[in-house]
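# Results of the structural survey
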Amino acid sequence: MRIGLIGTGRIGTFHARVLAAHAHVGALVVTDVDGERAVEVARAVGAAAAPTVDEIFAWGVDAVVITSATSAHGELIRRAARAGLPAFCEKPIAPDLAGTLRALREVAEAGTPLQIGFMRRFDAGYGAAREAVRAGRLGRLHTVRVLTSDAEPPPPAYLPVSGGLYRDCLVHDFDMVRWVTGREVVDVYAAGSDGGPPMFREAGDVDTAAALLTLDDGTLATATATRCNGAGYDVRMELAGERDQLAVGLDDRTPITSTEPLGPPPATRPWTGFLERFAPAYRAELDAFVRFARGERDNPCDGREALEALRIAEACELSRRERRAVRLDEIPGLTETPPGS
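Quick caveat: nothing in here was measured; it's all calculated off a predicted structure.

A word on helix 1 (residues 10-20). Across the 11 residues that make up helix 1, a large majority, 8, are buried. Looking only at helix 1, the buried set comprises I11, G12, T13, F14, H15, A16, V18 and L19.

Right under this line is the structure:
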């Protein structure tokens, strides 16, 4: 396959290395608004560098991988759809709900394949938890706890374009609540705190957030996130049922210290960030995309799945602003499942 990769920032560079080494990728073409950076990445991985996005579509690629700035995702997804190309796009589909729905409707009209990058679906721990829940090994599931804690805040310039803590970080946890349990969220109540660095208040964002989610079978889920977890990068999920409990992300690198005399020792090498923690999952998700684009497997995360996680994030943001419970049916969605998505 000949794949075009659009965007050579941190995650784009990682994906370029993975794709360049993939057995079924015969040629890789990369581009970026920073032309020099694209050339450097191309040289490092043995790919070709295209001057602009136009060349990516004009040079006859078989699929595109979109790792550009969030603001460009929706248009690039629509462009791939118009070109009839399978596309992989890092979340989110677009910076807002309206842009997301517009992109998905165009994909639906074109009938082209679209996979969205929710890499936790390819993490071994989350996969094992899903199997356990679906097999009934926990009995009736009554409580779910999810969290994402960044070791340090992002650059100030990132915050105004990030979409906010719910859409940028907790959207992964919302996807996992749905994917692992197989249930839908019916309502949320969320709160946030901007007591950290002033840049969060200046961006109209929060540095710490919490939400209570009610699932359609009555299961309760709590979701928390922070940008200021100095102990290290911490991503976990706990599932409690009438028979047993499971934890995802609890190992010798989890940045947490027990105060119990016989508790485990503190992590000597806590996780530093998402690329380190989820590197195997990122590789697996790209392999899945290549095989999906080749017609060898089903889509592991289509546009509808990504939309549902975003709708939960949108409901949480609305709840935080208006300080009230929000039902998911207040948040617009697609009226029908997009074909080929």
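Turning to helix 11 (residues 279-293), a few remarks are in order. Helical periodicity: at 3.6 residues per turn, an α-helix aligns residues three or four positions apart in one direction. With 15 residues, helix 11 extends 21 Å from end C-alpha to end C-alpha; this agrees with the ideal 21 Å at 1.5 Å per step. If you check which residues of helix 11 are buried, you get A279, A281, Y282, E285, L286, A288, F289, V290 and F292. In this fold, the buried residues of helix 11 make contact with strand 1 (2-6), helix 1, strand 4 (63-66), strand 5 (87-90), strand 6 (114-117) and helix 10 (274-277).

With that settled, the discussion passes to the pattern of salt bridges. One pass over the structure, following the stated rule, counts 31 salt bridges. Salt-bridge contacts for R121 lead to E305; the nearest nitrogen and oxygen are separated by 2.8 Å. Of this pair, R121 sits in the loop between strand 6 and helix 6 (124-134) while E305 sits in helix 12 (residues 303-322); the two residues are 184 residues apart in sequence, bridging distant segments of the chain. Judged by its relative accessible area of 23%, E305 is partly exposed. The salt bridge involving E308 is made with R311; its shortest N-O contact spans 2.8 Å. Residue E308 and its partner R311 are both found in helix 12; the two are separated by 3 residues, about one turn of the helix.

Further remarks concern the packing of helix 1 against helix 11. Two elements in contact, helix 1 and helix 11, have axes separated by 10 Å at closest approach and are oriented at 60°. The orientation of helix 1 with respect to helix 11, classified from their angle, is oblique. In this structure, helix 1 crosses over helix 11, and the sense of that crossing is right-handed. Residues I11, F14, H15, V18 and L19 of helix 1 pack against A279, Y282, R283, E285, L286 and V290 of helix 11.

The rules behind the values
- Residues numbered from 1 in each chain as written.
- Predicted model: local features only at pLDDT ≥ 70, side-chain atom pairs only at ≥ 80, totals over all residues.
- Heavy atoms only, no water.
- Buried < 20%, exposed > 50% of the residue type's maximum accessible area, 1.4 Å probe, protein only.
- Helix = DSSP H or I, 4+ residues; strand = E, 2+ residues; numbered from the N terminus.
- Expected span 1.5 Å × (residues − 1).
- Contact = heavy atoms within 4.5 Å.
- Salt bridge = Lys/Arg side-chain N within 4 Å of Asp/Glu carboxyl O.
- Axes fitted to C-alpha atoms, helices over the stretch in contact; angles between N-to-C directions.
- Parallel < 35°, antiparallel > 145°, perpendicular 65-115°, else oblique.
- Left-handed = near helix turned anticlockwise from the far one by under 90°.

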